[in-house]
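# Descriptive analysis of the structure
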Amino acid sequence: MPHTAVDKDAKQAQVLLSKYFGYDNFRLNQADIIQAIVAGDDALVLMPTGGGKSLCYQIPALMRDGVGVVISPLIALMQDQVDSLQALGIRGAFINSSQDFQTRRAVEQDLMRGQLDLLYIAPERLLKAETLNLLSQSKIALFAIDEAHCVSQWGHDFRPEYQQLKVLADYFPGVPRIALTATADQRTRKEIVEQLSLHKTRQFVNSFDRPNIRYTIAEGGQSKQQFLKFLQQQHHDDAGIVYCLSRKKVDDIAAWLCDMGHPALPYHAGLSNEVRERNQSRFLKEESLIIVATIAFGMGIDKPDVRFVAHLNLPKSIEAYYQETGRAGRDGEPANAWMAYQLNDVITLSQMLQASEGSEQYKRITLQKLDAMLALCEMTACRRQALLAYFGETLDEPCGNCDNCLNPPVTWDGTEAAQKALSCVYRTGQRFGVSYLVDVLNGSDNPRIKNNNHHQISTFGIGADLNKTVWRSLYRQLIARAYLQVDVEGYGSIRLTEKCRDVLKGQKTIYFRQSVKTRTSATSNKRAKLATLELKDHDLPLFDALKALRTELASQQNVPPYVVFHDRTLIAMAKNRPADTLEMEQISGVGVKKLERYGDEFLNVIAMTPLENTA
Ligand code: ADP
Ligand code: ZN
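Keep in mind it's a predicted model, so treat the numbers as computed, not measured. (Residues numbered from 1 in each chain as written. Chains lettered and ligands numbered in written order. Predicted model: local features only at pLDDT ≥ 70, side-chain atom pairs only at ≥ 80, totals over all residues. Heavy atoms only, no water.)

## Here we look at the overall build of the protein
Counting its regular elements, the protein contains 29 helices and 17 strands. The C-alpha atoms of the protein give 27 Å as radius of gyration, which agrees with the globular expectation for 615 residues (25 Å, within 12%). Counting only C-alpha atoms and orienting by the principal axes, one finds that the protein spans roughly 85 × 70 × 50 Å. Taking all 615 residues of the protein together, the buried fraction comes to 54%. In the protein, once contacts between residues fewer than 6 apart in sequence are set aside, the share between residues at least 24 apart is 74%. Here the protein displays about 27,500 Å² of accessible surface, and carbon together with sulfur accounts for 48% of that area. Distance between charge centres in the protein, computed from 71 positive and 71 negative side chains, equals 5 Å. (Helix = DSSP H or I, 4+ residues; strand = E, 2+ residues; numbered from the N terminus. Rg over C-alpha atoms; globule rule 2.2 N^0.38 Å. Buried < 20%, exposed > 50% of the residue type's maximum accessible area, 1.4 Å probe, protein only. Contact = heavy atoms within 4.5 Å. Areas by Shrake-Rupley, 256 points an atom, 1.4 Å probe, with all protein chains shown as cover. Lys, Arg positive; Asp, Glu negative; His and termini not counted. Charge placed at Lys NZ, Arg CZ, Asp CG, Glu CD.)

## Digging into the pattern of salt bridges
Taken as a whole, this structure holds 21 salt bridges when the rule is applied. Salt-bridge contacts for arginine 104 lead to glutamate 130; the nearest nitrogen and oxygen are separated by 3.6 Å. Separated by 26 residues along the polypeptide, arginine 104 in helix 5 (residues 101–112) and glutamate 130 in helix 7 (residues 129–136) bring together distant segments of the chain. A relative accessible area of 47% places glutamate 130 in the partly exposed class. Close ionic contact of glutamate 416 with lysine 420 constitutes a salt bridge, the shortest N to O distance being 3.7 Å. Note that glutamate 416 and lysine 420 are positioned in helix 19 (residues 415–427) at a spacing of four residues, about one turn of the helix. A relative accessible area of 54% means that glutamate 416 is categorised as exposed. Judged by its relative accessible area of 18%, lysine 420 is buried. Through salt bridges with shared partners, one network takes in Arg104, Arg105, Glu108 and Glu130. (Salt bridge = Lys/Arg side-chain N within 4 Å of Asp/Glu carboxyl O.)

## So, the packing of aromatic side chains
Throughout the structure, instances matching the rule amount to 15 aromatic pairs. Geometrically, the ring pair formed by tyrosine 322 and phenylalanine 391 is tilted, given 5.2 Å between the ring centres and 50 degrees between the ring planes. Placement of tyrosine 322 in helix 14 (residues 318–325) and of phenylalanine 391 in the loop between helix 17 (383–390) and helix 18 (403–406) is noted, with a sequence separation of 69 residues between them. Look at tyrosine 322 and you get buried, because its relative accessible area is 10%. By relative accessible area, phenylalanine 391 is classed as buried at 10%. Every member of this aromatic cluster is reached through a ring pair, and the members are Phe227, Phe230, Phe308 and Trp338. Residue placement shows lysine 224 over the ring face of tryptophan 256; its charged tip is 5.0 Å from the ring centre. (Phe/Tyr/Trp six-rings, centres within 6.5 Å; stacked < 30°, edge-to-face > 60°. Lys NZ or Arg CZ within 6 Å of the ring centre and 35° of its normal.)

## Remarks on the coordination of the zinc ion (ligand 2)
Bound to the zinc ion (ligand 2) are the protein donor atoms Cys382 (SG), Cys399 (SG), Cys402 (SG) and Cys405 (SG), situated 2.3 to 2.4 Å from the metal. Sequence spacing of the donors to the zinc ion (ligand 2): C-x16-C-x2-C-x2-C. Cysteine 405 sits in the partly exposed class, given a relative accessible area of 22%. (Donors = N, O, S within 2.8 Å, 3.2 Å for Na, K, Ca; no water.)

## Quick word on the packing of helix 15 (residues 343–355) against helix 16 (residues 360–378)
Running from N to C, helix 15 and helix 16 cross one another at 170 degrees; their axes reach a closest spacing of 10 Å. Judged by the inter-axis angle, helix 15 sits roughly antiparallel to helix 16. Facing helix 15, whose interface residues are Val346, Leu349, Ser350, Leu353 and Gln354, helix 16 presents Tyr362, Lys363, Thr366, Leu367, Leu370 and Leu374. Classifying every residue of the contact of helix 15 with helix 16 by side-chain character gives seven nonpolar, three polar and one charged. (Axes fitted to C-alpha atoms, helices over the stretch in contact; angles between N-to-C directions. Parallel < 35°, antiparallel > 145°, perpendicular 65-115°, else oblique. Nonpolar A, V, L, I, M, F, W, Y, C, P; charged D, E, K, R; others polar.)

## Focus on the sheet that holds strand 9 (residues 240–243)
The strand order 8-13-12-9-11-10 describes an open sheet built from six strands, whose pairing is parallel. Two strands close off the open sheet at either side, each with one partner strand: strand 8 (213–218) and strand 10 (264–267). Going across the sheet, the axis of each strand differs from the next one's by a mean of 15 degrees, ignoring polarity. One ladder, built from four bridges, connects strand 10 with strand 11 (residues 290–293); its direction is parallel. (Pairing = 2+ DSSP bridges.)

## Brief notes about the site of ligand 1
Among the 15 residues in the neighbourhood of ligand 1, the closest are listed as Tyr23, Gly50, Ser54, Arg330 and His566. The side chain of tyrosine 23 places a nitrogen or oxygen atom 2.8 Å from an oxygen atom of ligand 1. Within the contact set of ligand 1, an oxygen atom lies 2.9 Å away from a backbone nitrogen or oxygen of lysine 53. Protein coverage of the free-state accessible area of ligand 1, which is 570 Å², stands at 83%. Among the elements that make up the shell around ligand 1, the one with the highest residue count is helix 3 (residues 53–63) (three residues). Classifying every residue of the shell around ligand 1 gives four nonpolar, eight polar and three charged. (Near = heavy atom within 4 Å. Polar contact = N/O pair within 3.5 Å; in protein donor to acceptor, adjacent residues only side chain to side chain.)

## Some remarks on the sheet that holds strand 5 (residues 140–145)
The seven strands are arranged 3-4-2-5-6-1-7 in an open sheet whose pairing can be described as parallel. At either end of the open sheet lies a strand with only one pairing partner, and these are strand 3 (92–95) and strand 7 (202–205). Averaged over all pairs of adjacent strands, the angle between their axes in this sheet comes to 20 degrees, without regard to strand direction. Of the strand pairs in this sheet, strand 3 and strand 4 (residues 118–121) are connected by four bridges, and their pairing is parallel. Bridge pairing in strand 4 places glycine 92 opposite leucine 118. Together, strand 2 (67–71), strand 3 and strand 4 form the strand contacts of helix 5, whose direction differs from that of strand 3 by roughly 125 degrees.

## Some points on helix 2 (residues 30–38)
Counting buried residues along helix 2, seven of its nine residues qualify, which places the element largely inside the surrounding structure. Here helix 2 has its buried residues at Gln30, Ile33, Ile34, Gln35, Ala36, Ile37 and Val38. The positive-phi residue at the C-terminal boundary of helix 2 is glycine 40, with phi of around 95 degrees.

## A word on the domain arrangement of the protein
The figure often quoted for interface size is the accessible area lost as the parts come together. Domains assigned within the protein are domain 1 (3–205), domain 2 (213–341 + 379–406), domain 3 (410–514) and domain 4 (525–608). Using C-alpha coordinates to define each centre, domain 2 is positioned 32 Å away from domain 3. Domain 2 puts seven residues into the contact, and the matching count from domain 3 is five residues. Overall, the association of domain 2 and domain 3 removes approximately 490 Å² of surface from exposure, summing both partners, and the carbon and sulfur fraction of that is 37%. When the buried area of domain 2 at its contact with domain 3 is split by residue, Glu219, Tyr341 and Thr380 rank highest and sum to 76% of it. There are zero salt bridges connecting domain 2 and domain 3. (Domains from an automatic or database assignment. Buried area = accessible area lost by both parts, 1.4 Å probe.)

## Overview of the pairing of strand 1 (residues 43–46)
Burial along strand 1 is two-sided: Ala43 and Val45 and Leu44 and Leu46, pointing in opposite directions, are all buried. Bridging between strand 1 and strand 6 (residues 177–181) involves four bridges; their strand directions are parallel. Across the sheet, residue alanine 43 finds its bridge partner in strand 6, namely isoleucine 178. Bridging between strand 1 and strand 7 involves four bridges; their strand directions are parallel. Bridge assignment links valine 45 to a residue of strand 7, and that residue is phenylalanine 204.

Here it is in structure tokens:
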């Protein structure tokens, strides 16, 4: 394309960004991606959650002739996506099984008449002959394949239909395809290219860092109490997601949170579809609800203002951890990823895996992933550096926004203690779990020890100088660093690995992190609350009034509050107090359509809420 045409496209993209979305600048490489699609090229886009993937196909769909077809796996979210588009004045629609026949017919007619900018559709629906037929009679601007990592067999969101999306290249030659994902690793990337036949495609890879998310991994033990403290100190009435391993724990925690005065709803596969949908929709629409869930919840959850994600059990891999925590802070504002785990989680996860149907190879890879997750939990250096390194990215400096950076763990030379702990495993025949081993080290009068004659071995009582908590933590760290291994067939018993030879021989010094409970947290009182951080006290009454108006408008229209305006936009209004339409238009997030629809009402509230005198 000649230069002038490129410049013209770039200018038009910029105009649309401001007109529809009310934003001044493109982020990351949005502008280049849009340029490529508008020019008719394919693209593979890797961008972290909250990076702004949707604009990469929404703007080209507006610029090119015809409708942009968005393939997305979760039909439950389509309504919100379409509502958001319509609020911006973009003609969006979806086709899925939740619709009645007439509604679908109406959408199909709009499609045939060329009256749609964007159409959302699930892969299984798209692949039906009748749908392909319908689309082949319409003008298609582009195909956007969202959550493209779903093609990956190894991933946790595998969807077989995604692999059939290859056919798009044959059915619709010349229509650009853009595949998007926030899941990073090399293997997945390769699989996407192969499965979707994107061999000659340009790849746009962004850093996966989520600098606004603060990572904290607390030590096990009283995880419920620790979690409660975290909630009370930092997220008093924020929306958040809590992940647990079992359905029973989900129900228990949700009920307990309600008792503690934090409204919470459960979400897991044991609940009826109806209840699940209702709970998910309340979570999206209310401002400060907590959802407690198994991993069944959350893929593609678009709620931008989730202020925290908490894990009360160990996730099964770093991929899962990163994706789940990634649901916090999509709006780019400060958010927390908080976790507490117990050694039992490792045993439960290993046993679940052992009992599963997977092949030996699958089990081996899955166990390795669990080991990597555990190592992340027990490390003493910057967690973000380790997370990014896991995905092949280098962060040069420690991040300053994870627990280990903010509050560096104290370490102690535990070489001698480690020798005792390891030889205790050896002397008892590598057949026992951590609780038993700790009892032997402490010289406890546990009758099982006598029955096994373990009160006569050399390690009995040699660890009486350290308490149980310290020993448990030490065992956990030895497992995390692969000096010991949980025997998946042996009910949580642990075994020595090759690696511990040097320690036992006294040829290696090892340091352990000191239990967190003995340290005081310097940062725990700082609330990750955006408005209170950014606004002066005298602006807060206005911010609250704007929020109240937003809630009212959202519930009238039966859409989530952020469909009306994001927090960021309300904060900008509270700070700048626009006095007329012209000034209002300058606020980021206020496009033409929203100005016309809401401008006056928000201007009214601003005019009626005077600056408060703060002495
Ligand atoms: P992703 O799908 O990558 O997780 P979204 O497309 O949902 O992210 O975008 C995340 C948020 O960022 C949305 O609220 C979106 O409106 C906002 N956003 C996207 N691009 C820009 C931009 N260039 N300037 C300001 N905000 C943007
Ligand atoms: Zn860090």
